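# Structural description and commentary
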Amino acid sequence: MMAGSRIRRVLFHGGLLLSLSATLALGGESAASLVAAGMPSSCGPFAAKVSASEGNFSSVNQAGCLGAFQFCPGTFERYYHGSAENFLRDPQAQVAAWSKYTRDSWSQAERNGLTSLIGQQVCHGGRCATIDQSAILFACQFGCGRGGKLANYAASGDCSARNVKDGNLVSVCSYMIKGAGYDASCLADQQSMSCIQTAASPGDYPTSMGIAANPPSPVDASIIVTPDAI
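Residues numbered from 1 in each chain as written. Predicted model: local features only at pLDDT ≥ 70, side-chain atom pairs only at ≥ 80, totals over all residues. Heavy atoms only, no water.

## Describing the packing of helix α9 (residues 149–156) against helix α10 (residues 172–179)
The angle between the axes and the distance between the axes are what describe a pair of packed helices. Going by this rule: Orientation is described by axes fitted as lines to C-alpha atoms, over the contacting stretch for helices, and by angles from 0 to 180 degrees between their N-to-C directions. Helix and strand definitions here come from DSSP, where helices need a minimum of 4 consecutive H or I residues and strands a minimum of 2 consecutive E residues; each element is numbered from the N-terminal end. The scheme is simple: roughly parallel for angles under 35 degrees, roughly antiparallel for over 145, roughly perpendicular for 65 to 115, oblique for anything else. Any two residues whose heavy atoms approach within 4.5 Å are treated as being in contact. When residue character is reported, Ala, Val, Leu, Ile, Met, Phe, Trp, Tyr, Cys and Pro are called nonpolar, Asp, Glu, Lys and Arg charged, and the others, Gly included, polar.
At a minimum axis separation of 9 Å, α9 and α10 run at an interaxial angle of 95°. Taken as axis vectors, α9 and α10 run roughly perpendicular relative to one another. Taken together, the residues of α10 that come into contact with α9 (itself represented by K149, L150 and Y153) are V172, C173 and M176. Tallied by class, the residues present in the contact of α9 with α10 amount to five nonpolar, no polar and one charged.

## A short note on the environment of A52
Structurally, A52 is set in helix α4 (residues 44–52). Spatially, the C-alpha atoms of A52 and S30 are 8.1 Å apart, while their sequence positions differ by 22 residues. Contact partners of A52, with chain neighbours within four places excluded, come to G27 and G28.

## As for the nonpolar core
In globular proteins that are soluble, nonpolar side chains generally tend to be buried together. Which entries qualify depends on this criterion: Within this scheme, the nonpolar core is defined by two criteria: the residues are buried Ala, Val, Leu, Ile, Met, Phe, Trp, Tyr or Cys, and they are joined through side-chain atoms within 4.5 Å. Buried, partly exposed and exposed residues are distinguished by accessible area as a fraction of the type maximum, computed with a 1.4 Å probe on protein chains only: under 20%, between the cut-offs, and over 50%, respectively.
Residues W98, L150, Y153 and M176 are the most contacted members of the largest nonpolar core, which totals 54 residues. Mapped by element, the contributors of at least two residues to this core are α4, α5 (75–79), α6 (84–88), α7 (91–111), α8 (133–139), α9, α10 and α11 (185–188). Those residues in contact with Y153 that lie beyond four places of it in its chain are L117, Q121, V122, I131, D158, C159, V164, V172, C173 and M176.

## Concerning α9
Those residues of α9 that fall on the buried side of the exposure criterion are L150, A151, N152 and Y153. Contacts made by the buried residues of α9 are with β1 (121–124), α8 and α10. Taken from the residues just after α9, G157 is the one with a positive phi, measuring 70°.

## A closer look at the layout of surface pockets
A probe as big as a water molecule, rolled over the atoms, marks out the empty space that is left. Rule in force here: Only protein atoms enter the 1 Å grid, on which a cavity is a set of points fitting a 1.4 Å probe that cannot get out and a pocket is an open set with protein on both sides within 12 Å along at least 5 of 7 lines, lining residues being those with an atom within 4 Å of a point. Grid points are joined across faces, edges and corners, and a volume is the space filled by probe spheres set on the points.
For the largest pocket, the calculated volume is near 370 Å³. The wall of the largest pocket is formed by 16 residues, among which E54, F69, Q70, Y101 and Q141 lie closest to the centre. Listed by contribution, the elements that provide at least two residues to the lining of the largest pocket are α4, α7 and α8. Looking at which element gives the most residues to the lining of the largest pocket, the answer is α7, with four residues. In the lining of the largest pocket, the residues fall into ten nonpolar, five polar and one charged.

## Focus on the environment of F46
In this fold, F46 is placed in helix α4. F46 gets classed as buried once you look at its relative accessible area, which sits at 1%. Contact partners of F46, with chain neighbours within four places excluded, come to W98, S134, L137, F138, G179, Y182, D183, A184 and L187.

## Thoughts on the pairing of β1
Formally: Note on pairing: DSSP must find at least two bridges between two strands before they are called paired.
By the bridge criterion, four bridges tie β1 to strand β2 (residues 127–130) in an arrangement that is antiparallel. The partner of Q121 across the bridge, within β2, is T130.

## A few points about the pattern of salt bridges
Put simply, the test is: By definition here, a salt bridge exists when the distance from a side-chain nitrogen of Lys or Arg to a carboxyl oxygen of Asp or Glu is within 4 Å.
For the coordinates displayed, the defined rule picks out one salt bridge. For the salt bridge of D104 with K100, the shortest nitrogen-to-oxygen distance reads 2.8 Å. With D104 and K100 both in helix α7 and four residues apart, this pair spans about one turn of that helix. According to the relative accessible area criterion, D104 is partly exposed, its value standing at 29%. Classification of K100 by relative accessible area gives partly exposed; the value is 43%.

Below, the structure written as structure tokens:
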């Protein structure tokens with residue numbers, strides 16, 4: 001795993017920073033391109049919303065943050081085990097890394113009680129939205145930890161409080177409003193698409209159908225267990 005300076009040095013020597021200004025101007029990946037890289041179609045629009053404020057698959061910023069979701073040094077090494085160059089050339093790896101990162105963020109939000117905000121209305125800057133899964137996840141860009149901007153809002157309900165704003169005085173409420181209204185269930189629900197198996201061969205049954213209540217027939221099953229089985 002490479003430190004931040006090492007990542008930037010490798011990118012520079014590889015010629016990737018030469019196109020920095022061009023890649024930063026592209027404004028994110030589309031839902032279609034993210035779905036083609038492995039994002040479930042239901043969550044494609046939400047992923048594209050996040051990517052729109054981050055970059056495209058080949059983007060690198062001056063801090064060494066990489067790709068369509070701008071994985072920065074430190075976070076990058078936790079979610080991808082390989083070189084920066086390979087990551088930038090691998091849209092599937094970027095989508096997989098971001099999906100894992102976002103599911104981890106959702107788990108953190110749940111542990112810290114932030115999902116209790118779901119169903120409440122938030123208003124800021126003349127706009128209002130009902131807080132849902134995508135609103136929470138979009139606001140987790142401010143962090144989902146205890147004492148973070150989102151946690152501070154959950155405690156006070158005040159969008160104008162200084163402790164719910166970042167260094168640029170942007171309120172976490174603006175991010176909840178921007179992120180609301182998207183399907184993020186494949187990233188927030190723990191029994192996500194990655195856990196649902198479709199029937200592919202005898203004995204393969206979707207976990208969602210309740211295997212104990214709906215066992216396969218002896219003809220369909222790969223393994224038949226009888227009272228005489230050893």
